[in-house]
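Results of the structural survey
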Amino acid sequence: MLLAAARRRRISSNVCNRSNYHSLEDPDPSSSWTRSIRSSADLRRHRNALSLYAQMLRFGHLPDPFTISAVLKACAHAPSMPAAVAIHAQIHKLGHLANVYTQTSLVYLYSKLDGVTTAQKVFDQMPVRNVVTWNSILHAHLKALDIKNARRVFDEIPVKDVVSWNSMVSGYAKAGEMDLAAELFWAMPERNPASWNGMISAYIDRRDMEQARKLFDEMPVRSNVSWIAMISGYSRCGDVASSENLFKTMNTKDIFSWNAMISCYAQNGFSKDAIQLFNRMRKPDTNVTPDEMTFSSVISACSQLGELRFGMWIETHISSIGIEMDDHLRTAFIDLYSKCGGMDQALKHYHHLRKKDLVSYSAMILGFGINGRCDEAISLFNEMVKSRIVPNSATFIGLLTAYNHAGLVDEGQICFDSMWRKYFVLPSTDHYAIMVDLLGRKGRLEEAYRLIQGMPMEPHSGVWGALLLACKLHGNVELGEIAARNCFVLAPDSSGYYVILANIYAEAGEWEKAKRLRKVMVEKGLAKVPGCSWVEPKRSCGIL
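The residue numbering used here restarts from 1 in each chain and proceeds along that chain's sequence as written. Note on the predicted model: pLDDT of at least 70 is required for a residue's local features to be given, and 80 or more for side-chain atom pairs to be given and counted; whole-chain, interface and lining totals, by contrast, use all residues. Water and hydrogen atoms play no part in the side-chain values, which are based on all heavy atoms of the structure.

Scanning the protein for helices and strands turns up 32 helices and 0 strands. Within the protein, buried positions represent 49% of all 544 residues. Long-range pairs, those at least 24 residues apart, make up 57% of the contacts in the protein between residues at least 6 apart in sequence. Residue burial considers only the protein chains on display, and all accessible areas are found by Shrake-Rupley using a 1.4 Å probe. When the accessible surface of the protein is summed, it comes to about 27700 Å², and 52% of that surface belongs to carbon and sulfur atoms. Strands here are runs of E lasting at least two residues and helices are runs of H or I lasting at least four, both read from the DSSP assignment and numbered beginning at the N terminus. Categorising residues by exposure relies on relative accessible area from a 1.4 Å probe, with only protein chains included: less than 20% of the type maximum marks a residue as buried, more than 50% marks it as exposed, and the intermediate range marks it as partly exposed. The contact criterion used throughout is that any non-hydrogen atoms of two residues lie within 4.5 Å.

Let us look at the packing of aromatic side chains. Ring pairs shown here join Phe, Tyr and Trp side chains whose ring centres sit within 6.5 Å, with only the six-membered ring taken for Trp; geometry is labelled stacked below 30 degrees between planes, edge-to-face above 60, and tilted in between. Under the definition given, this model contains 20 aromatic pairs. Where Tyr350 meets Tyr361, the ring centres are 6.2 Å apart and the plane angle is 70°; that geometry is what we call edge-to-face. Of the two residues, Tyr350 is situated in helix 22 (residues 343-351) and Tyr361 in helix 23 (residues 358-370); the sequence distance between them amounts to 11 residues. Relative to Trp464, the ring of Tyr449 has its centre 6.3 Å away and its plane inclined at 50°; by these criteria the two rings are tilted. Residue Tyr449 is found in helix 28 (residues 445-453), and its partner Trp464 is found in helix 29 (residues 461-474); the two are separated by 15 residues along the sequence. Judged by relative accessible area, Tyr449 falls into the buried class, the value being 17%. Overall, Trp464 belongs to the buried group, its relative accessible area being 8%.

Here the focus is the layout of surface pockets. Cavity: a set of points on a 1 Å grid over the protein atoms alone where a 1.4 Å probe fits but cannot get out. Pocket: an open set with protein on both sides within 12 Å along at least five of seven lines, its lining residues, like those of a cavity, having an atom within 4 Å of a point. Grid points are joined across faces, edges and corners, and a volume is the space filled by probe spheres set on the points. The calculated volume of the largest pocket comes to roughly 730 Å³. Contributing elements (two or more residues each) for the lining of the largest pocket: helix 15 (224-236), helix 17 (255-267), helix 19 (292-305), helix 21 (327-339) and helix 23. Any residue outside Ala, Val, Leu, Ile, Met, Phe, Trp, Tyr, Cys, Pro, Asp, Glu, Lys and Arg is labelled polar, Gly included; the first ten of those are nonpolar and the last four are charged. Tallied by class, the residues present in the lining of the largest pocket amount to 12 nonpolar, 14 polar and 6 charged. Looking at the second largest pocket, its volume works out to about 400 Å³. Every residue lining the second largest pocket is counted, 14 residues in all, and those nearest its centre are Ser69, Ala70, Lys73, Tyr101 and Ser105. Those elements giving two or more residues to the lining of the second largest pocket turn out to be helix 3 (29-42), helix 5 (65-77), helix 7 (100-113) and helix 9 (131-143). Tallied by class, residues from the lining of the second largest pocket come to 6 nonpolar, 5 polar and 3 charged.

Following the sequence through the fold, Thr117 ends up in helix 8 (residues 116-124). A relative accessible area of 53% means that Thr117 is categorised as exposed. Distance from Thr117 to Ala140, taken between C-alpha atoms, is 9.0 Å for residues 23 residues apart in sequence.

This part takes up helix 29. Every helix has an expected span of 1.5 Å times one less than the residues it contains. The end-to-end C-alpha distance of helix 29 is 20 Å, a good match for the 20 Å that 14 residues give at a rise of 1.5 Å each. Every buried residue of helix 29 is accounted for by Val463, Trp464, Gly465, Ala466, Leu467, Leu468, Ala470 and Cys471. Buried residues in helix 29 make contact with helix 27 (429-441), helix 28, helix 30 (477-490) and helix 31 (496-507). One or two positions beyond helix 29, positive phi appears at Gly475, with a value near 70°.

With that settled, the discussion passes to the nonpolar core. Grouping buried Ala, Val, Leu, Ile, Met, Phe, Trp, Tyr and Cys residues that are joined through side-chain atoms within 4.5 Å yields what is termed a nonpolar core. Met168, Met199, Met230, Ile314, Met364 and Leu467 are the most contacted members of the largest nonpolar core, which has 172 residues in total. Among all residues touching Ile314, those that are not within four sequence positions of it are Phe278, Phe295, Val298, Ile299 and Phe333.

Turning next to unusual backbone geometry. Negative phi is the rule for most residues except glycine; trans is the rule for most peptide bonds. At Arg388, a residue that is not glycine, the phi angle is positive and equals roughly 65°. Checked against the element boundaries, Arg388 lands in the loop between helix 24 (374-386) and helix 25 (393-406). If you check the backbone angles, Phe424 has positive phi at about 60° while not being a glycine. One can find Phe424 in the loop between helix 26 (409-423) and helix 27. The class of Phe424 is exposed, set by a relative accessible area of 60%.

Function cannot be read off these values alone, since they describe shape.
What follows is the structure in structure tokens.
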């Protein structure tokens, strides 16, 4: 089986040269084969490791336990169960089953490919076990989320190393047993940086930044991994100020810490700060070169600001410094160009994607939607579903936006109803806002109001604002007052809602109400804010 696989696979010229060397010149060819196979496995070239192993057999060289351990590791990661079964049978034939390294590799292999049951059978038959063997079966139980048996194995380990302790602590944390994880963590005879970072990450995953910060402050030695974990944790919780303070405190900032802070700004709506930090990062004194992740966050910031010119400069700059335009970057550019009206550029990137996934499809559907190209949005959605890619919340934002721009109320309602019934996507407040806007623009104000009343969650100001705008469009004072009152409560510092209601009163000839409302605006210190465009072609952040 393995020999057939080797014949089908084309071996590169350097491998062929190595094979000739093994067969003709090397005084210990088996050792050279082992080094080559282990090197491929360590470099994650798992299929190549399997091919080398098959070639080794073809040249008549018998594997030793170290060769077998390396190739079993490759089988686990390839993954290849047929190859694993064939090698296991060969191990039995060669008499290597009694070797502790070989059997440990088998435990690891079956825990990855066939579950804990087979791994446990191999483990139980082992006459000799080392700490790596125990850690492998412990990992198998933890991977199967069998915390009870994992703890049993942990307690039975004769001599535990730091990996044993870290694995069990991590297992408790993933199971949500943070009290037990903390108890075990503080009971550890020694802790390495992975121990501390693992517990910090566990608290961050549970949004418990207070406990994460407490551990972070108690760490004897902090690596950049620790700092970046905390910066990212605060970012996920929306605490940009704490992320900033940590970033400024760091003595040595590598590319990952810069990326974490730029991403923090971009993900939390501080787009200008993200671009400014990017420009600061590019200065010579930082000794840091932007990479794909940097540009992805900066493109996202440009998209939020409508900074088309700076985004176009980013694309040119990426090309000039030789960074490959991968699918992740292309999808970010699709989002940018779509939101800025550059659908031709967005389509160019879309057609160059190596693999179209949920994110890229959703970005293009939204682009078509906000640019009034409803038919193309619907067509792309149908193509996506035929490709067996399940739509998510963002996909339906784009599709409903397309129906809204086209004024297709009935089609929009069918789409809205199908979200949960057909695709099991719960509508969010943003989906409701689009539907309220769609119904309202068509004059179906009572229907829009009933939709708001039936919402399973509290509507935000965008939902009530959509109804308020529709009431202005159709001159409905009664519902306009209801919508405006809710907007005043949800967004008390926004003057726009007061202005819209005042205009509704004025257009209905209710001058006294309009006058009183404008007086309230003056008393509250609210001034009418002039409109601004999403796309800013005349002003640009950065170096342009």
